[in-house]
Amino acid sequence: MLEDLSVWTGLPPTQLIICAVIVFIAGLVRGFAGFGLSAVLMASIVVFIPPVELIPVCFLLEAAASLAMFRGGLRDADIGTAAILAICSALGVPLGLALTTSIDVDLSKLIALVIVLSLTILQLMKINILPASQKVALPATGIAAGIVSGLAAVGGMVIALYVLASPKKAREMRGSLVLYLFFGMLTSSVTLYLFGVLEGDAITRGAVFSPLVLAGVFAGSKLFSRSLDQTYRRACLYLLVAFASAGLVRLVIF
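All values reported here derive from a predicted model rather than from experimental measurement. (Residues numbered from 1 in each chain as written. Predicted model: local features only at pLDDT ≥ 70, side-chain atom pairs only at ≥ 80, totals over all residues. Heavy atoms only, no water.)

Caption draft 1: Broad picture of the packing of helix H1 (residues 2-9) against helix H2 (residues 13-33). At their nearest, the axes of H1 and H2 sit 9 Å apart, and the two run at 85 degrees to each other. Viewed along their axes, H1 and H2 adopt a mutual orientation that is roughly perpendicular. On the side of H1, the interface is formed by Leu2, Glu3, Leu5, Ser6 and Thr9, while H2 contributes Pro13, Leu16 and Ile17. (Axes fitted to C-alpha atoms, helices over the stretch in contact; angles between N-to-C directions. Helix = DSSP H or I, 4+ residues; strand = E, 2+ residues; numbered from the N terminus. Parallel < 35°, antiparallel > 145°, perpendicular 65-115°, else oblique. Contact = heavy atoms within 4.5 Å.)

Pasting the structure below:
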């Protein structure tokens, strides 16, 4: 069985097992926090699978997680906030992609990750980073997330920062993140389809790893249901620190 899966995914057995464990952990993080699946995968599995091949796999696994978590997210989320963030993010992505032609990609990623890390540390220090006017903060955050997504593929972290800086309860924060990522899945599917990257090994790997990510999501959701509001907020902020730091290390090493 392992040999068959190895052939189907194009990964040696040892790498396949390591990837499977990481995918489960990524699902666990997604189930608990409502975000972070792609960040975990991009900070680890990229050692075995090149980014251009890993991005569509991340999309398929995010899609599986989003569909599994959609009902709970819809029930708990601030739907208006999630929708505005998703729409404004979609508007910002083309600008981010356009900037990639004039800015070094690695430099843009470095800048984005340093900003995310700095803002997260400020939140941990309980320093408010939101503008006073939510009418400004909400669309500005969405557009900024879209630009950063186009430049460095870490727009989800920007959205997470905004949501975690709000005074909302943990369940509503998590639900809004889940719903935002669900909307993002719909817009990303169009982009990936137009670029023709959803094919071959990506689909096979996505199919093989989906049960593991769903198992992780289920287990992570159970962990979330036992957490308190403050525990959830701080845990997610520490996750953002870990993701941004891992991304910076990957940029320096690879």
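Next, the rest of the story.
Caption draft 2: View of H2. Between its first and last C-alpha atoms H2 spans 30 Å; for 21 residues at 1.5 Å apiece the expected length is 30 Å, and the two agree. Turning to H2, its buried residues are Leu16, Cys19, Ala20, Ile22, Val23, Ala26, Gly27, Val29, Arg30, Gly31, Phe32 and Ala33. Phi turns positive, to about 95 degrees, at Gly34, one or two residues after H2. (Expected span 1.5 Å × (residues − 1). Buried < 20%, exposed > 50% of the residue type's maximum accessible area, 1.4 Å probe, protein only.)

Caption draft 3: Geometry of the packing of aromatic side chains. By the definition in use, this model includes 6 aromatic pairs. Ring centres of Phe32 and Tyr232 lie 5.8 Å apart, and the angle between their planes is 50 degrees; this geometry places the pair in the tilted category. With Phe32 in helix H2 and Tyr232 in helix H11 (residues 229-253), this pair connects stretches of sequence that are 200 residues apart. Taken individually, Phe32 and Tyr232 each receive the classification buried, so the pair is uniform in this respect. Seen in terms of ring centroids, Phe70 and Phe182 are 4.3 Å apart; in terms of plane orientation they differ by 35 degrees. Their pairing is tilted. Taken as a pair, Phe70 in helix H4 (residues 51-76) and Phe182 in helix H9 (residues 170-194) lie far apart in primary sequence, 112 residues in all. Through pairs of rings, three or more aromatic residues link up here, namely Phe32, Phe224 and Tyr232. (Phe/Tyr/Trp six-rings, centres within 6.5 Å; stacked < 30°, edge-to-face > 60°.)

That's the geometry; what it means functionally is another story.
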